[in-house]
Amino acid sequence: MAAYALATLKPPAVLHDEVLDYMERIQSTLDPFEGRFLVHGAPTMEVREGHWDTALVIVGFPSLDHARRWYDSDAYQALVPLRTRHMEGDIILIDGVAPGYDPSATAAAIRAAQSSAPAAATPTGQETPVPPMPQ
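Below or above, wherever it landed, is the structure these notes cover. From a predicted model like this one, the values you see are computed outputs, not experimental measurements.

Brief notes about the sheet that holds strand E3 (residues 55-61)
As summarised here, the arrangement of the 4 strands in space is E2-E3-E1-E4, forming an open sheet in which the pairing is antiparallel. The open sheet has two edge strands, strand E2 (36-40) and strand E4 (88-95), and neither has a second partner. Going across the sheet, the axis of each strand differs from the next one's by a mean of 15°, ignoring polarity. Bridge analysis of strand E1 (residues 3-10) against E4 gives 8 bridges, and the strand direction is antiparallel. Counted as the bridge partner of Leu9 is Gly89 from E4. Contacting E2 and E3, helix H1 (residues 17-30) crosses the sheet at an angle of about 140° to E2. Contacts from helix H2 (residues 64-72) reach E1, E3 and E4 within the one sheet, and its direction differs from that of E4 by about 145°.

In structure tokens form, the structure reads like this:
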């Protein structure tokens, strides 16, 4: 199952040379793990709901194991300070959904789990916690 590294970064108006070095070298750290950029700061972005004040980066991998091994690799870890010294951000590694994923089946599973669970004691006007989403 495909997996992704997602980053929301807050770049300064002018990128430091170390960040440019990071950008020049990152692909060589991705190649051994079959990682490829799917989104890299997207020059055109339409915010349709809420607000967005960060640059988005999405890197695709064949599996979560590939993504973990890339992130933990000596080659990538050597680059991390080049970015983190000069810009804030968050990075997560996350599984994609399985081929044939059906969101209506997920909703049905959540409904079934909620209806069979004991009633949660929540204050009036608050929602019942949602169980983990099945894959």
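After that view, the rundown keeps rolling.
Considering H1
Here H1 spans 21 Å end to end across 14 residues, near enough to the 20 Å set by a 1.5 Å rise per residue. If you look at H1, its biggest bend is around 35°, right at Glu24. Those residues of H1 that fall on the buried side of the exposure criterion are Val19, Tyr22, Ile26, Thr29 and Leu30. On the buried face of H1, the contacting elements are E2, E3, H2 and helix H3 (74-84).

Here's the deal with the pairing of E3
Burial analysis of E3 places 6 of its 7 residues in the buried class, which makes it a mostly covered element. Across 7 bridges, the pairing between E1 and E3 is antiparallel. Bridged to Tyr4 within E3 is Gly60. Pairing analysis gives 4 bridges linking E2 to E3, with the strands arranged antiparallel. Residue pairing in the sheet places His40 in a bridge with Val57 of E3.

Remarks on the layout of surface pockets
Of the voids in this model, the largest pocket is the one considered here, and its volume is about 320 Å³. Lining the largest pocket are 21 residues, with Leu9, Tyr22, His40, Val57 and Arg83 positioned closest to its centre. Secondary-structure elements contributing two or more residues to the lining of the largest pocket are E1, H1, E2, E3 and H3. Of the residues assigned to the lining of the largest pocket, the class counts are 18 nonpolar, 2 polar and 1 charged.

Regarding the pattern of salt bridges
Per the counting criterion, the structure on display carries 3 salt bridges. Across the pair Glu46 and Arg48 runs a salt bridge, and its minimum N-O distance is 2.4 Å. Assigned by exposure class, Glu46 and Arg48 land together as exposed. When the shortest N-O distance is used, the salt bridge between Asp65 and Arg69 registers 2.9 Å. Separated by 4 residues within a single helix, Asp65 and Arg69 lie in helix H2, roughly one turn from each other. Judged by its relative accessible area of 41%, Asp65 is partly exposed. Residue classification places Arg69 among the partly exposed residues on the basis of a relative accessible area of 39%.

The rules we used
- Residue positions are given per chain, counted from 1 along the sequence in the order it is written.
- Note on the predicted model: pLDDT of at least 70 is required for a residue's local features to be given, and 80 or more for side-chain atom pairs to be given and counted; whole-chain, interface and lining totals, by contrast, use all residues.
- To obtain the side-chain values, all non-hydrogen atoms of the structure were included, while hydrogens and water were left out.
- Criterion used throughout: strands pair if DSSP finds at least two bridges between them.
- Numbering of helices and strands starts at the N terminus; helices are DSSP runs of H or I of at least 4 residues and strands are runs of E of at least 2.
- Axes here mean lines fitted to C-alpha atoms, for a helix over just the part in contact, with angles spanning 0 to 180 degrees between N-to-C directions.
- For this analysis, residues touch if any pair of their heavy atoms sits within 4.5 Å.
- For a helix, the expected span equals 1.5 Å multiplied by the number of residues minus one.
- Two axes enter the bend calculation: one fitted to the seven residues ending at the residue in question, the other to the seven starting there, and the bend is the angle between them.
- For each residue, the accessible area found with a 1.4 Å probe, counting protein chains only, is set against the maximum for its type, and the residue is called buried under 20%, exposed over 50%, and partly exposed in between.
- As defined here, a cavity is a set of points on a 1 Å grid over the protein atoms alone where a 1.4 Å probe fits but cannot get out. A pocket is an open set with protein on both sides within 12 Å along at least five of seven lines, and residues line them when an atom is within 4 Å of a point.
- Grid points are joined across faces, edges and corners, and a volume is the space filled by probe spheres set on the points.
- Three residue categories are used. Nonpolar comprises Ala, Val, Leu, Ile, Met, Phe, Trp, Tyr, Cys and Pro, charged comprises Asp, Glu, Lys and Arg, and polar comprises the others, including Gly.
- Should a side-chain nitrogen of Lys or Arg be within 4 Å of a carboxyl oxygen of Asp or Glu, the pair is scored as a salt bridge.

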